[in-house]
Amino acid sequence: MDNQFKAYMETAEILKALAHPVRLCIVKGLLEKRECNVTYMQECLSLPQSTVSQHLQKLRAMGIVETRRNGLEVNYTVADARIEQLIRIFMKEED
């Protein structure tokens, strides 16, 4: 498999991960807030914590979000600047 095709595969996987409305909402919220924990996201989304955690795990596995531990609290941030550009385009936001 050549490098160009690998890049297409990686991009397709990232787009698939973002293609779920809850994950898209999580990423957009993280971009607006810059950093937050699962409890805050769960309250904003009105979803069970386990559901939010499952979506975050998928985003983390794809390298879309990363974590930072602060004592017992785990905070999430968007890990890839390309994601911010994509969200701005999809949500029709200006720079």
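Residues numbered from 1 in each chain as written. Predicted model: local features only at pLDDT ≥ 70, side-chain atom pairs only at ≥ 80, totals over all residues. Heavy atoms only, no water.

Draft legend 1. How the structure looks around the nonpolar core. Grouped together as the largest cluster of nonpolar side chains are 20 residues, with contacts concentrated most on I26, V27, L30, M41, I64 and I83. Counting only elements with at least two residues in this core, the list comes to α1 (3-18), α2 (21-33), α3 (38-45), α4 (49-61), β3 (73-78) and α5 (81-90). Sequence-distant contacts of V27, defined by excluding residues within four places in its chain, comprise L18, L59, I64, V78, I83 and I87. (Core = buried A, V, L, I, M, F, W, Y, C linked by side-chain atoms within 4.5 Å. Buried < 20%, exposed > 50% of the residue type's maximum accessible area, 1.4 Å probe, protein only. Helix = DSSP H or I, 4+ residues; strand = E, 2+ residues; numbered from the N terminus. Contact = heavy atoms within 4.5 Å.)

Draft legend 2. Inspection of the sheet that holds strand β2 (residues 65-70) at higher detail. Strand order in this open sheet of three strands is β1-β3-β2, and the pairing throughout is antiparallel. The open sheet terminates on both sides in strands that have one partner only, identified here as β1 (36-37) and β2. Where β2 and β3 come together, six bridges link them in antiparallel fashion. Paired with E66 across the strands is T77, a residue of β3. (Pairing = 2+ DSSP bridges.)

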